[in-house]
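Structural overview
Now for the letters of each chain:
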Amino acid sequence: MNHDQHISSRLLALAGGLMLVSGLLMAVCGKLAYGGIFWAAASCMFFAANHFRIAENKKTEEEKNDDGKETV
């Protein structure tokens, strides 16, 4: 069964997008400080998603390189 290797990074990016929308709505409703906190949380989620994607790509490259080598 072939599964999507980038599912965790995509879900984190989706959560970051939802957090960003929540921050915008909080800022519009007059709670600018809470909106700023949500924006900061959204940026952290986007950075985490980016780092997850990089780690997933490195793992895939290592698996491709290890396929031709024997392990002792």
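Residues numbered from 1 in each chain as written. Predicted model: local features only at pLDDT ≥ 70, side-chain atom pairs only at ≥ 80, totals over all residues. Heavy atoms only, no water.

Bringing the environment of V21 into the picture now. Along the polypeptide, V21 turns up in helix α1 (residues 7–28). Given a relative accessible area of 45%, V21 falls into the partly exposed group. Each C-alpha atom, one on V21 and one on G35, is 9.4 Å from the other, the two residues being 14 residues apart in sequence. (Helix = DSSP H or I, 4+ residues; strand = E, 2+ residues; numbered from the N terminus. Buried < 20%, exposed > 50% of the residue type's maximum accessible area, 1.4 Å probe, protein only.)

Running from N to C, α1 and helix α2 (residues 32–66) cross one another at 165°; their axes reach a closest spacing of 8 Å. Here α1 is positioned roughly antiparallel relative to α2, judged by the angle of their axes. Along this stretch, α1 crosses α2, giving a crossing that reads as left-handed. Considering only residue class, the contact of α1 with α2 consists of 19 nonpolar, 7 polar and 3 charged. (Axes fitted to C-alpha atoms, helices over the stretch in contact; angles between N-to-C directions. Parallel < 35°, antiparallel > 145°, perpendicular 65-115°, else oblique. Left-handed = near helix turned anticlockwise from the far one by under 90°. Nonpolar A, V, L, I, M, F, W, Y, C, P; charged D, E, K, R; others polar.)

Taken together, the side chains of L20, L24, L32, W39 and F46 make up a nonpolar region of the molecular surface, amounting to roughly 460 Å² of accessible area. Tallying contributions element by element places α2 first for the nonpolar patch, with 3 residues. Within the fold, L20 resides in helix α1. (Patch = residues over 30% accessible without salt bridge, like charges linked within 9 Å, V, L, I, M, F, W, Y side chains within 5 Å. Areas by Shrake-Rupley, 256 points an atom, 1.4 Å probe, with all protein chains shown as cover. Salt bridge = Lys/Arg side-chain N within 4 Å of Asp/Glu carboxyl O.)

Counted at 1.5 Å a residue, the expected span for α2 with its 35 residues is 51 Å, and the 51 Å between its end C-alpha atoms agrees. Summarising the contacts, the buried residues of α2 are in contact with α1. (Expected span 1.5 Å × (residues − 1). Contact = heavy atoms within 4.5 Å.)

Every α-helix carries 3.6 residues per turn, so stepping three or four residues along brings you back to the same face. The terminal C-alpha atoms of α1 lie 32 Å apart, and with 22 residues this matches the ideal 32 Å at 1.5 Å per residue to within 8%. Of the residues making up α1, those classed as buried are S9, G16, M19 and G23. Taken end-on, α1 shows its buried residues confined to a sector of 80°, consistent with a single buried face. Pointing more than 90 degrees away from the buried face of α1 are the exposed residues L14, L18, L25 and V28. (Arc of directions from axis to C-beta.)

Okay, the side chain of E56 next. Following the sequence through the fold, E56 ends up in helix α2. Of the side chains with opposite charge, R53 lies nearest to the buried E56, which makes no salt bridge, at 5.1 Å. Not counting residues up to four positions away in its chain, the partners in contact with E56 are Q5, H6, S8 and S9. (Lys, Arg positive; Asp, Glu negative; His and termini not counted.)

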